[in-house]
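Architecture at a glance
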Amino acid sequence: MPGPSPGLCRASLGLWAALGLGLLGLSAVAQEPFWADLQPRVALVERGGSLWLNCSTNCPRPERGGLETSLRRNGTQRGLRWLARQLVDIREPETQPVCFFRCARRTLQARGLIRTFQRPDRVELVPLPAWQPVGENFTLSCRVPGAGPRGSLTLTLLRGAQELIRRSFAGEPPRARGAVLTATVLARREDHGANFSCRAELDLRPHGLGLFENSSAPRELRTFALSPDPPRLAAPRLLEVGSERPVSCTLDELFPASEAGVYLALGDHRLSPEITLEGDALVATATATANAEQEGARQLVCRVTLGDESRETRENVTVYSFPAPVLTLSEPSAPEGKVVTVTCAAGAGALVTLDGIPAEVPGQPAQLQLNATEDDDERSFFCDAVLEVAGETLSKNKSAELRVLYAPRLDDSDCPRSWTWPEGPEQTLRCEARGNPTPSVHCERPDSGAVLALGLLGPVTRALSGTYRCTAANVQGQAVKDVTLTVEYAPALDSVGCPEHITWLEGTEVSLSCVAHGVPPPNVSCVRSGEARVLEGLLHVGREHAGTYRCEATNPQGSAAKNVAVTVEYGPSFEEPSCPSNWTWVEGSGQLFSCEVDGKPEPSVECIGSEGTSEGMLLPLASSDSNPRVPSISSDLAPGIYICNATNRHGSTVKAVAVSTESPPQMDESTCPSHQTWLEGAEAAALACDARGRPSPQVRCSREGVPRPQRLRVSREDAGTYHCLATNMHGTDTRTVTVGVEYRPVVAELAASPPGGVRPGGNFTLTCRAEAWPPAQISWRAPPGALNIGLSSNNSTLSVAGAMGSHGGEYECAATNAHGRHARRITVRVAGPWLWVAVGGAAGGAALLAAGAGLAFYVQSTACKKGEYNVQEAESSGEAVCLNGAGGGAGGGSGAEGGTEAAGTAEEQAGGEVFAIQLTSA
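Note that the structure is predicted; figures quoted are calculated from it, not measured. (Residues numbered from 1 in each chain as written. Predicted model: local features only at pLDDT ≥ 70, side-chain atom pairs only at ≥ 80, totals over all residues. Heavy atoms only, no water.)

**Considerations on the overall build of the chain**
For clarity, the threshold we go by: Helix and strand definitions here come from DSSP, where helices need a minimum of 4 consecutive H or I residues and strands a minimum of 2 consecutive E residues; each element is numbered from the N-terminal end. Between buried and exposed lies partly exposed: a residue is buried under 20% and exposed over 50% of the maximum accessible area for its type, with that area taken using a 1.4 Å probe on protein chains only.
Counting its secondary structure elements, the chain contains 3 helices and 73 strands. A buried classification covers 35% of the 922 residues belonging to the chain.

**Points about the sheet that holds strand β26 (residues 269-270)**
Heads up, the rule is: Pairing between strands is defined by DSSP: at least two bridges between the two strands are required.
Strand order in the open sheet formed by 5 strands is β22-β30-β29-β25-β26, with mixed pairing between adjacent strands. If you trace the sheet from one side to the other, it starts and ends with β22 (238-240) and β26, each paired once. When strand β25 (residues 261-266) meets β26, the two strands line up antiparallel, connected through 2 bridges. Bridge pairing in β26 places Leu266 opposite His269.

**Quick word on the environment of Gly455**
Keep this limit in mind: Whether two residues touch is decided by their heavy atoms; if any such pair falls within 4.5 Å, the residues are in contact.
As for its placement among the helices and strands, Gly455 is situated in the loop between β43 (451-452) and β44 (457-459). Under the relative-accessibility criterion, Gly455 is labelled partly exposed at 44%. It is 5.5 Å that separates the C-alpha atoms of Gly455 and Thr428, two residues lying 27 residues apart in sequence. If we ignore the near neighbours within four places in the chain, the residues touching Gly455 are Thr428 and Leu429.

**Quick look at the packing of aromatic side chains**
Convention followed: Pairing of aromatic side chains here covers Phe, Tyr and the six-membered ring of Trp, requires ring centres within 6.5 Å, and sorts the geometry by plane angle: under 30 degrees stacked, over 60 edge-to-face, intermediate tilted. By definition, being over a ring means that NZ of Lys or CZ of Arg is both within 6 Å of the ring centre and within 35 degrees of the ring normal.
Scanning the model with the defined rule gives 7 aromatic pairs in all. Centroid distance Phe138 to Phe196: 5.8 Å. Interplanar angle 85°. Geometry classified as edge-to-face. Here Phe138 is found in strand β13 (residues 137-144), whereas its partner Phe196 is found in strand β17 (residues 195-203), with 58 residues between them in sequence. No difference in accessibility class separates Phe138 from Phe196, as the two residues are buried. Taking 5.4 Å as the distance between ring centres and 15° as the angle between the ring planes, the aromatic pair formed by Trp419 and Trp421 counts as stacked. The same class applies to Trp419 and to Trp421, which are both buried. Its end group placed over the ring of Tyr570, Arg543 keeps NZ or CZ at 3.5 Å from the ring centre.

**Quick word on the sheet that holds strand β10 (residues 113-117)**
If you trace the 3 strands from one edge of the open sheet to the other, you get β2-β10-β7, paired in mixed fashion. The open sheet has two free edges, formed respectively by β2 (42-46) and β7 (94-95), since each of these has just one partner strand. As defined by bridge partners, β7 adjoins β10 across 2 bridges and the pair is classed as antiparallel. Note that in β10 the partner of Glu94 across the bridge is Arg115.

**Some thoughts on the side chain of Arg159**
Considering the arrangement of structural elements, one finds Arg159 in strand β14 (residues 153-159). Among residues more than four places away in sequence, those in contact with Arg159 are Leu164, Val185, Arg188, Asp191, Ala194, Asn195 and Phe196.

**What about the pattern of salt bridges?**
Our working rule: Only one rule defines a salt bridge in this text: a Lys or Arg side-chain nitrogen within 4 Å of an Asp or Glu carboxyl oxygen.
For the structure shown, the criterion picks out 53 salt bridges. Here Arg821 and Glu812 are joined by a salt bridge, their closest N and O atoms 3.5 Å apart. A network of salt bridges, in which partner residues are shared, links Glu680, Arg716, Glu749, Arg769 and Glu771.

**Re the environment of Ser70**
Relative to the assigned elements, Ser70 resides in the loop between β4 (64-68) and β5 (72-78). Owing to a relative accessible area of 67%, Ser70 belongs among the exposed residues under this scheme. Sequence separation between Ser70 and Ile90 is 20 residues, and the spatial gap between their C-alpha atoms is 9.8 Å.

**Considering the side chain of Thr116**
Short version of the rule: As used in this structure description, the phrase polar contact means that two N or O atoms lie within 3.5 Å; if the pair is within protein, one of them must be able to donate a hydrogen and the other to accept it, and residues adjacent in sequence are counted only when both atoms belong to side chains.
Summarising the element assignment, Thr116 is placed in strand β10. Residue class for Thr116 comes out buried when judged on its relative accessible area of 1%. Reaching out from Thr116, the side chain makes a polar contact with the backbone oxygen of Glu92 at a distance of 2.9 Å.

**What to know about the pairing of strand β29 (residues 296-306)**
As defined by bridge partners, β25 adjoins β29 across 6 bridges and the pair is classed as antiparallel. Directly across from Leu264, in β29, lies its bridge partner Cys302. As paired elements, β29 and strand β30 (residues 309-320) share 11 bridges and run antiparallel to each other. When the sheet's bridge partners are listed, Val301 is paired in β30 with Arg314.

**Remarks on the confidence of the model for the chain**
Put simply, the rule reads: Confidence scores labelled pLDDT are given residue by residue by the predictor and lie between 0 and 100.
On average, residues of the chain carry a pLDDT of 82, and 85% of them reach 70 or more. Of the regions scoring below 50 in pLDDT, residues 833-922 engages in 131 contacts with residues more than four places distant in sequence or in other chains.

**A short note on the state of the cysteines**
The cut-off we apply is this: To count as a disulfide, a pair of cysteine sulfur atoms needs to be within 2.5 Å.
Taken as a whole and assessed by the stated rule, the structure comprises 14 disulfides. There is a disulfide in this structure between Cys55 and Cys99, and the S-S distance comes to 1.4 Å. Note on the Cys55 and Cys99 pair: the S-S dihedral is about 70°, so by sign convention the disulfide is right-handed. One end of the pair, Cys55, is in strand β3 (residues 49-57); the other, Cys99, is in strand β8 (residues 98-103), and 44 residues separate them in sequence. Cys55 gets classed as buried once you look at its relative accessible area, which sits at 1%. Judged by relative accessible area, Cys99 falls into the buried class, the value being 0%. Shown here is the disulfide that connects Cys443 with Cys470, its sulfur atoms set 1.9 Å apart. As the torsion about the S-S bond is roughly 115°, the Cys443-Cys470 disulfide counts as right-handed.

Structure follows, in structure tokens:
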């Protein structure tokens, strides 16, 4: 009997296991005690917030239950074993609500914990001092009232973005609220203008809440440094009423100097200083002015204030009054011989002195008298006054000038009788006279009335030379004097006295002289360029005297130099090198005959033919000008004897010149054809290329690229391009010649495709390739009875489609051009199985007989005999053609054979008449 299945066993086992676990659970429930639960057990609520508490129990039927707390309630929800209550406006830092139920005469309790937190909404930084001295400590105090719990709070004091101190209040009691952070900081110069602030961070992230941050408003710190030394005051000890004197007050080691205040006053009068800053130094400058009400001792005060500190300096200043003395002349402008009284007076208490003579007592004037003379004119008188103020002696003075009126006087020192001036530079012409009033001076020439401009700056010219009468006059009288003016000037060489160009005639006697202008009269000397000897006396003129001479004129005012070009003229003469007796003219060169003649001035030259073909003809001459306008010689200059005549104003001379003509090489189509043809196998010869020219040119030809090898016979390799060069003493000429080599035809290739035999009904192709120049014409000869033969456009390919026995036999390919003919033969076999031959024998025989009869009739009717025919469109029509006989028999050996014969010769007959057919496309 088979046992229970495995699946049933596993199901039974699972059922028992479930029952066992269920019983075990019921037992555990029966043994577990009843409890009360409060959720959330621990809560953190923002101060003033609300919270729902859930109080529950596992007691099946609790008698009663509730939630005990001192917090305000807003709503309650109940169930059999639970109670939910909302607590609002929670403000206590920490409370402990109690959840309780009465169950089976027992009280079940669950105690919770509710804590509140407050954000750091108020972060206060205690105000900083208005000014804080550098180097002293100040206190930073930060308050965060109410924020908490304090144990989660961190305070940070900052200078700008820099943290100065950071404190965490971790470990403080949970009920603690608010925090204060205080730090002592040393004030520095760089702290001036810096912003200090406090940042509070309440980190409740460990309790599932966020990080709450807040910062105080920044407070600016103003630091200062003030030197313990007082300011330096620079001021006068004495100040005169009505005068202005500068005052300055300086203080160093001041920071920040721009924030400092300056008070500057003279007595009870406050000054308006101008402040100048130089780093940590301050300079205050002002102008002090005193009036008569301030006369006496006064104090000058300078006070510098920075922050809540100041530094002060005081100086004593005495204000006084001291008027200037008064100096008077009884007659400031007195005529000569008049008595003049001079008086010097000053204020009370001042002692006066007149020209060194003091008054008897202070406060009294001083006087003196004099009889005015010319020497007293413009005499100065000095009045000095002395006054003592605050132990210091002060002085003032006054001066006056006496003018004495007298008649003019012309002294030699001020108006010399003789003047000598150099020409050119600007001068002030002076003739001054003494007198008061100042005399007017007038100088003019007695002869012409020309006036000399005195006292004016102007150029001195030689036209001013001469004698002038000068008159000085004023209201007191006049004076007269004659003066002589001499103007000196440097030498000058003009074209009249010393011309730039001088012409002498060879063989004459002359002298070279130059006349110069100048004051004093100049000395003139002439030397030839490159020589040191001075030219003096008469010269016997020769050609060697031509050249440039340097003439120089000198006097005390300077020198002048001039180049004088001397030309020596003479009659014409011929020289062999410059005018040859024999001259060869090259045809086409455009060359002119050069005949240079020596002579001054340059002679005119003319050459005329005297005999033969040149008689009476003019020989064109090359111009001596660098840009000649004479036309070139034409190509028909006659050779012969020409007589050349040279003439200038000093004479003439003649010379005979023999003229001959020659020409450079020249090649053209008539002497050197550009295209030449050779025949292969002919005897090798040179290119037919000649040139014209005198003397006879030499012609050489060379092949382009590879040199032509030496051969006895012409080869195809001789074809190509040749360059021919003709040369004689007058030049070269080149010509390019193209050589072509022609040769007889040769059938280079005759092949069948497919090779070997052809089955009946198959296709085959015969290809014939010939080499020839000019290109050969291809013709074929086929076996008799071969029908449906196709030829290519150039007859190089013969093709048969559907071969029959009649296509078997010998085929001949012939190539023909103007230089001969060449032929080759090939045998084609058409064979198949015996069954094919047997079955097709009768039908084939009948068809062959019929075709033979038809062909014989066609041949006889068209009278096809020996000859060669063209059949139009033979490729496409397949029309029966006239075959050239039996074609040398059917059968024969396989392969091809060939032979050559001259053009126009008869073909050899093989076994009967031979006919040739050439098939071409229309």
